[in-house]
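A closer look at the structure
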Amino acid sequence: MSLSSNVSPEWLEEHYQLWKSDPDKVSPDWQAFFQGFDLAQQAPATDRDLAAKNSAVDSLIYRYRDLGHLQAATDPLTPERTDHPELSLAAFGLTEADLTRTFYPLRFPHQSATLQEIIELLEETYCGVIGVEFMHIQDPHKRDWLKQRMEEKRNRADFSRDEQLHILKKLQEATLFEAFLHRKFLGQKRFSLEGGEVIIPLLDSLLIQAAQRGVSDLLMGMAHRGRLNVLANIFNKPLENIFAEFKDNLELAFVGDGDVKYHKGYSCDLTLATGAAIHLSLAANPSHLEAVDPVVIGKCRARHVSYGPGGKKRVLPVLIHGDAAFAGQGLVTEVLNLSQIDGYQSGGTFHLVLNNQIGFTTSPVHARSTLYATDVAKMLMVPIFHVNGEDPEAVVYATNLALEYRQEFGEDVVVEVICYRRHGHNEGDEPFFTQPLMYGKIRKRPPLHEIYAERLVAAGIARETIDESVGQITRRLDEALEQGPKAQTDVGFQAKWTGVQRDYSREEPETKVPAESLKKLAARLAHLPETFNAHQKIARMLKRREECVMQGEGIDWANAESLAFASLLTENTPVRLSGQDSRRGTFNQRHSTLVDQKTGQLYVPLAFLEKGQAAIQIYNSMLSEAAVLGLEYGYSLESPNALTIWEAQFGDFANGAQVIIDQFIGTSGTKWDRSSGLVMFLPHGYEGQGPEHSSARIERYMNLCAGNNMHVVYPSTPAQFFHLLRRQCKLPYRRPLIVFTPKSLLRLPACSSTLQELSDGAFQAFIPCAIPDDEVKTLLLCSGKIFYEIQAAIEEAGRNDVGVMRVEQLYPLHEEKLQEMLSRYSKASRVAWVQEEPKNMGPWPHLHTSLIRALGREPDYCGRRPASAPAVGSHRRHREEQQQIIDSALNNKD
């Protein structure tokens, strides 16, 4: 055990006696410790006093490592240093007279040093322009790794003249770009980076160092501040195209609605000056701060999987946060929590917090309860570097050290750059209204490239050299403004999406699977290894599923789903399913991941279908909707040829991820030309469980539907579900698929399918009535679960004149096909739409107009009255309302 470990008194006494019997039986460190202990016991009072002083020095060293960041000069607006009382000599019983004494501290870079020398090293390392929080990390190896590297260099950069000039050039590019936009496009929002320009040399160095350390893909997410600068000076997006967007140039007209220039994404392949190649991707994002974070992690996760072993070190996620958002947005905490969870790991995210010391107009004292904006990151026990944004060399040094740590340990790192925002929230705001004192200081601060240039001139670099690069950058900006936009190649879209068409079509692919193939898959899914101790009920359930397939009938929902997954996997289509309790299933129906009852080992039958099959991933997610759904959306962007599914525990729990649904899933195609094939399973159905477990809010998804942007489906049979899942992977285009999945129907005997329906059938957007067309006198239209209640009531009442037609695909609604189907029931004197949901919810508000067009008349409505809550809390009232719906449908009773 090392000296840095915590030891009990019993352990210490035992090893002390062991040392006394034979010193070689303990490590050299402990030999020295016990020897010193004995000497101290035998020494006179003066020597014991010296031993106490040595102990005090060891405590001082620990305290500097733990609290030195509190004395660090990291705020460019407050250069005055504040000494911390817990780091004073008096706090350790030391005096100035001890400064010239020589001490022999434990766990220190030097075996002996005067107290003055010790403090100088600690001050320079931990109290300069870099403050580091790392002593909260519980792993001693990681702490020692950091201590060694920081104290060896005293946290000071040692850059060559060429490296310094390169840093200066990136600062000049950043500042001159912003000044140019301000002059040429006066009054236009650009969310300037001024005051935080140092992140351009930071990101530039990160690219270079990452490529040298084996990173081939760097995926970034950031908000709007500084985004255009990053695109211009890191991603090398043509300046001509950026300027054309400011001019609102029609040559850059977008297919769809488009988005503002500081929300758009960009991808490129760069060859660096070192010769190394790296792929860069900046994810498109809305104004909702931090919403893009899980999307980036999902994209990275998909690339990890595609690269195989070692993929985590090849792909680097970089998230750029604002200080107010990092502390204030709960999604940050959710994403941090995902970082080490199996199935969601990022391999370590590089978090860059651009601390402007303000959020819009809100000061830090009103924006958080913590000392630092980054305190939430301590939950992961990862290093946090606080750096003065006006020391570009320190910023680059801290970045390189943080990246080295990430690559070494595969964990998140946080670099907080403390700077300021030279203008208001946008260039039209007047910050003096709310922060006059702060902005009085900012007004006096010269641009950072000028501050750094003076530092380099003082170090002997000729001013002519510095001025020359300013002229070159200015000329390049002027020339770009005069030229038209350049053709751009979207490498992010082309690479993986080759063969996937952008446009929607009504083409219906073949989804049937030969019966013999399904039987073989059923047998494999029911097979358990001889040594596996399955729960008896699970073993019987698997056998029962196999028997249903072999007998060709009674195939329930979970069985059909499992067969759909299995058939896709053997066709080389990967499947990923993620959600709360998704391995077993919220309703105890899926059982995709079995647990050995004696050993706890897991067994996934879908992973052992045949050699060479595609990968299956099924994960129980943490208790989050927004972060996990965002991650799965990001995963789907990188995996167009996979079936990627997020499952809600109950359908309305997706409310917690509404930003992801509204801003990404529903609109990414029209805003950013980014298609997704993500599938959402949303359990839905009225069964008396109250307002929060009944409705998946069909109306909310219907409200997002336009321009064939997604599929919204409420299937009513296992066969329909089987073909729907297979269709999603075989369509020539990709669109999100929203599926309202059942709860009670999972075990309803009537809700079953035959093997023939799987092997010979296809997905039907409309399912016709079960009785002959000309016998239908009352035509009821519905979707999903209510069909079975209506049908049971029809059979009980002996009504042979009532037909029920199911609308399975709610959007896109093929109105011509609907009209054709309805025309078959020309003898129906009454047509009604039946639904469980209140009148202002469910499909009715959105299908109403289409039904009128298709019928040529107003259909009746049979359902709950308009309501603010989706369902009642009383089970008795629920039953009464359900019966009223059925009575209204069959007997035209209100």
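Details of the structure are given in the entry above.
Residues numbered from 1 in each chain as written. Predicted model: local features only at pLDDT ≥ 70, side-chain atom pairs only at ≥ 80, totals over all residues. Heavy atoms only, no water.

1. Some remarks on helix 27 (residues 718-730)
Between its first and last C-alpha atoms helix 27 spans 19 Å; for 13 residues at 1.5 Å apiece the expected length is 18 Å, and the two agree. Here helix 27 lies mainly inside the structure; 12 of its 13 residues are buried. The complete set of buried residues in helix 27 reads Pro718, Ala719, Gln720, Phe721, Phe722, His723, Leu724, Leu725, Arg726, Arg727, Gln728 and Cys729. (Helix = DSSP H or I, 4+ residues; strand = E, 2+ residues; numbered from the N terminus. Expected span 1.5 Å × (residues − 1). Buried < 20%, exposed > 50% of the residue type's maximum accessible area, 1.4 Å probe, protein only.)

2. Side note on the packing of helix 30 (residues 815-823) against helix 31 (residues 844-855)
Between helix 30 and helix 31, the least distance of the axes is 9 Å, while the angle of their chain directions is 55°. In terms of axis orientation, helix 30 runs oblique to helix 31. Seen from above, helix 30 lies across helix 31 with right-handed handedness. Along its contact with helix 30, which presents Glu815, Leu818, Gln819 and Leu822, the element helix 31 presents Ser850, Leu851, Arg853, Ala854 and Leu855. Tallied by class, the residues present in the contact of helix 30 with helix 31 amount to five nonpolar, two polar and two charged. (Axes fitted to C-alpha atoms, helices over the stretch in contact; angles between N-to-C directions. Parallel < 35°, antiparallel > 145°, perpendicular 65-115°, else oblique. Left-handed = near helix turned anticlockwise from the far one by under 90°. Contact = heavy atoms within 4.5 Å. Nonpolar A, V, L, I, M, F, W, Y, C, P; charged D, E, K, R; others polar.)

3. A word on the nonpolar core
By size, the foremost hydrophobic cluster in this structure holds 102 residues, and its most contacted members are Leu203, Met220, Phe235, Phe243, Phe350 and Phe385. Take this core: its biggest share by element is 10 residues, from helix 15 (residues 392-409). Residues within four places of Phe235 in sequence aside, it is in contact with Met220, Val230, Tyr266, Cys268, Leu270, Leu280, Ser281 and Leu282. Listed in part, the 69 residues of the second largest apolar core include Ala291, Val628, Val712 and Leu847. (Core = buried A, V, L, I, M, F, W, Y, C linked by side-chain atoms within 4.5 Å.)

4. A closer look at unusual backbone geometry
Following Tyr811, the chain continues to Pro812 via a peptide bond in cis, the omega torsion being -10°. Position of Pro812 relative to the elements: it lies in the loop between strand 22 (809-811) and helix 30. Here Asn236, not a glycine, exhibits a phi torsion of approximately 55°, which is positive. When you line up the elements, Asn236 lands in the loop between helix 8 (227-233) and helix 9 (239-246). The backbone of Gln357 sits at a positive phi, close to 65°, despite the residue not being glycine.

5. Concerning the packing of helix 20 (residues 515-526) against helix 21 (residues 536-551)
Remark: helix 20 packs on helix 21, axes separated minimally by 9 Å, with the N-to-C direction vectors making an angle of 170°. Considering the angle they form, helix 20 stands roughly antiparallel to helix 21. Residue-level contacts link Leu518, Lys519, Ala522, Ala523, Leu525 and Ala526 of helix 20 to Leu542, Glu546, Val549 and Met550 of helix 21.

6. Side note on helix 18 (residues 463-482)
End to end, helix 18 covers 30 Å across 20 residues, agreeing with the expected 28 Å (1.5 Å per residue, within 8%). Turning to helix 18, its buried residues are Ile466, Ser469, Ile473, Leu477, Ala480 and Leu481. Buried positions in helix 18, seen along its axis, are confined to an arc of 110° and lie on one side of it. Structural note: helix 18 exposes Glu464 and Glu482 on the side pointing more than 90 degrees away from its buried face. Buried residues along helix 18 sit in contact with helix 6 (161-184), helix 9 and helix 17 (448-458). (Arc of directions from axis to C-beta.)

7. Some points on the pairing of strand 11 (residues 575-579)
Most of strand 11 is tucked away: five of the five residues are buried. The alternating pattern of strand 11 places Val575, Leu577 and Gly579 on one face and Arg576 and Ser578 on the opposite face, and all of these are buried. Where strand 11 and strand 15 (residues 643-647) come together, five bridges link them in parallel fashion. By the bridge assignment for strand 15, Arg576 is matched with Thr644. Here strand 11 runs beside strand 14 (residues 616-620); their pairing, made up of five bridges, is parallel. Looking across to strand 14, one finds that Leu577 is bridged to Ile618. (Pairing = 2+ DSSP bridges.)

8. Concerning the state of the cysteines
According to the stated counting rule, one finds zero disulfides in the structure shown. Take Cys751: it sits in no disulfide, and the sulfur closest to it among the cysteines is that of Cys782, at 13 Å. What makes Cys751 buried here is its relative accessible area of 1%. Take Cys769: it sits in no disulfide, and the sulfur closest to it among the cysteines is that of Cys782, at 9.5 Å. Look at Cys769 and you get buried, because its relative accessible area is 10%. (Disulfide = S-S within 2.5 Å.)

9. With respect to the packing of aromatic side chains
Inspection of the entire model under this criterion finds 25 aromatic pairs. Ring geometry for Tyr405 and Phe409: centres 4.7 Å apart, planes at 50°, overall tilted. Highlighted residues: Tyr405 and Phe409, both in helix 15, separated by four residues, approximately one helical turn. Here Tyr405 falls in the buried class, since its relative accessible area comes to 0%. When its relative accessible area of 19% is taken as the criterion, Phe409 is described as buried. Note on Tyr633 and Phe664: the rings are 5.5 Å apart at their centroids and 55° apart in plane angle, and the pair reads as tilted. Remark: Phe664 occurs in helix 24 (residues 658-665) and Tyr633 occurs in helix 23 (residues 626-638); sequence separation between them is 31 residues. For the pair Tyr633 and Phe664, a shared accessibility class is recorded, and that class is buried. Each member of the aromatic cluster is reached from another via a ring pair, and the members are Phe180, Phe185, Phe243 and Phe246. A cation over an aromatic ring shows up here: Arg314 above the ring of Tyr307, its NZ or CZ 3.6 Å from the ring centre. Here the basic side chain of Arg806 rests over the ring of Phe787, its NZ or CZ set 3.7 Å away from the ring centre. (Phe/Tyr/Trp six-rings, centres within 6.5 Å; stacked < 30°, edge-to-face > 60°. Lys NZ or Arg CZ within 6 Å of the ring centre and 35° of its normal.)

10. Points about empty space enclosed by the protein
According to the stated counting rule, one finds eight cavities of 30 Å³ or more in the structure shown. What the largest cavity holds in volume is close to 180 Å³. As for the largest cavity, its lining consists of 17 residues, and the residues nearest its centre are Leu525, Leu542, Arg545, Ser562 and Arg590. Listed by contribution, the elements that provide at least two residues to the lining of the largest cavity are helix 20, helix 21 and helix 22 (557-569). Grouping the constituent residues of the lining of the largest cavity by class yields nine nonpolar, four polar and four charged. Of the pockets and cavities examined, the second largest cavity occupies roughly 110 Å³. Taken together, 15 residues make up the lining of the second largest cavity; nearest its centre are Gln589, Arg590, Glu647, Thr741 and Leu746. Only helix 22 and strand 16 (679-683) provide two or more residues apiece to the lining of the second largest cavity. Take the lining of the second largest cavity: its biggest share by element is three residues, from helix 22. (1 Å grid on protein atoms, 1.4 Å probe; cavity = no way out; pocket = protein on both sides within 12 Å on 5 of 7 lines; lining within 4 Å. Points joined across faces, edges and corners; volume = space filled by probe spheres on them.)

Without other data, these values stay purely geometric and don't point to any function.
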